[in-house]
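Residue strings, one per chain:
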Amino acid sequence: MTPQVLLAVVLSVAIVSAVAGGVFSVTAVHAQINNELAPGGHGSLALSVLSDDNLTRVDSNEQSDTALLLEPSLAYLLLFGKHSAALKYQGRYASYRDFSNEDYRDHNLGVDTNLDLTERVSVNAGAGAERSHDARGASGSRTTISNEPDKWKESKIFAEMVYGRRSSSGQIALSANVAKREYTNNNLEVRDRDTNSLSATFFYNLTAKTSWLIEVRRGDIDNVSAAPINADSKESRYLLGAR
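Residues numbered from 1 in each chain as written. Predicted model: local features only at pLDDT ≥ 70, side-chain atom pairs only at ≥ 80, totals over all residues. Heavy atoms only, no water.

1. Notes on the side chain of Ser132
Of note, Ser132 is situated in strand β7 (residues 121–133). In terms of polar contacts, Ser132 uses its side chain to reach the side chain of Asp106, at 3.2 Å. In this structure Ser132 touches Asp106, Asp150, Lys151 and Trp152, once residues within four positions along its chain are discounted. (Helix = DSSP H or I, 4+ residues; strand = E, 2+ residues; numbered from the N terminus. Polar contact = N/O pair within 3.5 Å; in protein donor to acceptor, adjacent residues only side chain to side chain. Contact = heavy atoms within 4.5 Å.)

Here you go:
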């Protein structure tokens, strides 16, 4: 089938403000993909102007700057029988006017597969690779100011099996995720970590669009480099909610 690119460009001007850090952005051009994705290629593009009055999140001698932010998103969807596969890319490219050391080029590449195996069983699995950074002042980032934001790369795989359909009274979903993150600058090897998680979710479907859910999630975080303080952890979460 000939790839069909659906690109809907919406010209808008919007101001989004955030009290923390005094950040606001003005969205000049926003491009979005049609919600009903057809097989083939799809793309979107967002262009924003960002302004920050405390770029490095310090208590004194604040520095302000503006940046141009470009966010492309690309996807290619394949359908084969009742199954589907998608190759996806998302980027975030920021270029600051005065402090070029704060520039970043974030990339997120992934592949997803959806397998409709039987009348009751479906499987979603995939893998991804990401290069990104920690925002200034983010939890776990260094307290001393470095010349550039902390950057990292991460690889991940995931799989989920769902028993039951939305038309059924109940569904059970079992999922597993494995991620490996490595920091690539500012001598932050001590923050490298492997994360493994398992979850089980039961859905009680009230209607075709509304469900109650109970979820149990277990995570294991292993810091792979020797550190002065053992930061390994095991986390358990129990959730009750609706979708």
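From this point, the discussion proceeds with the structure in view.
2. Focus on the packing of aromatic side chains
For any two aromatic rings, the description comes down to two numbers: the centre-to-centre distance and the angle of the planes. Enumeration according to the criterion identifies zero aromatic pairs in this entry. Arg181 extends its terminal NZ or CZ atom over the ring of Trp152, reaching a point 3.6 Å from the ring centre. Positioned above the aromatic ring of Phe203, the side-chain terminus of Arg243 is 3.9 Å from the ring centre. (Phe/Tyr/Trp six-rings, centres within 6.5 Å; stacked < 30°, edge-to-face > 60°. Lys NZ or Arg CZ within 6 Å of the ring centre and 35° of its normal.)

3. A closer look at unusual backbone geometry
The phi angle of most residues is negative, glycine excepted, and most peptide bonds adopt the trans form. At Asn61, a position not held by glycine, the phi torsion is positive, near 55°. Within the element layout of this structure, Asn61 appears in the loop between β3 (40–52) and β4 (65–80). The phi dihedral of Asn186 falls on the positive side, at around 60°, and the residue is not glycine. Here Asn186 shows up in the loop between β9 (170–183) and β10 (193–205). Given the relative accessible area of 19%, Asn186 is considered buried. (Buried < 20%, exposed > 50% of the residue type's maximum accessible area, 1.4 Å probe, protein only.)

4. Observations concerning the layout of surface pockets
Considered as a void within the structure, the largest pocket measures approximately 320 Å³ in volume. Every residue lining the largest pocket is counted, 16 residues in all, and those nearest its centre are Asp52, Tyr96, Tyr104, His133 and Ala135. Residue assignment for the lining of the largest pocket shows that the elements contributing at least two residues are β3, β5 (83–96) and β6 (104–116). Classifying every residue of the lining of the largest pocket by side-chain character gives seven nonpolar, two polar and seven charged. (1 Å grid on protein atoms, 1.4 Å probe; cavity = no way out; pocket = protein on both sides within 12 Å on 5 of 7 lines; lining within 4 Å. Points joined across faces, edges and corners; volume = space filled by probe spheres on them. Nonpolar A, V, L, I, M, F, W, Y, C, P; charged D, E, K, R; others polar.)

5. Description of the side chain of Asp103
Among the structural elements, Asp103 can be located in the loop between β5 and β6. Of the buried charged residues, Asp103 lacks a salt bridge, with Arg105 as the closest side chain of opposite charge at 4.8 Å. Polar contacts involving the side chain of Asp103 include one to the main-chain amide nitrogen of Tyr96, which spans 2.7 Å. Beyond its immediate chain neighbours, meaning those up to four positions away, Asp103 contacts Ala94, Ser95, Tyr96 and Lys151. (Lys, Arg positive; Asp, Glu negative; His and termini not counted. Salt bridge = Lys/Arg side-chain N within 4 Å of Asp/Glu carboxyl O.)

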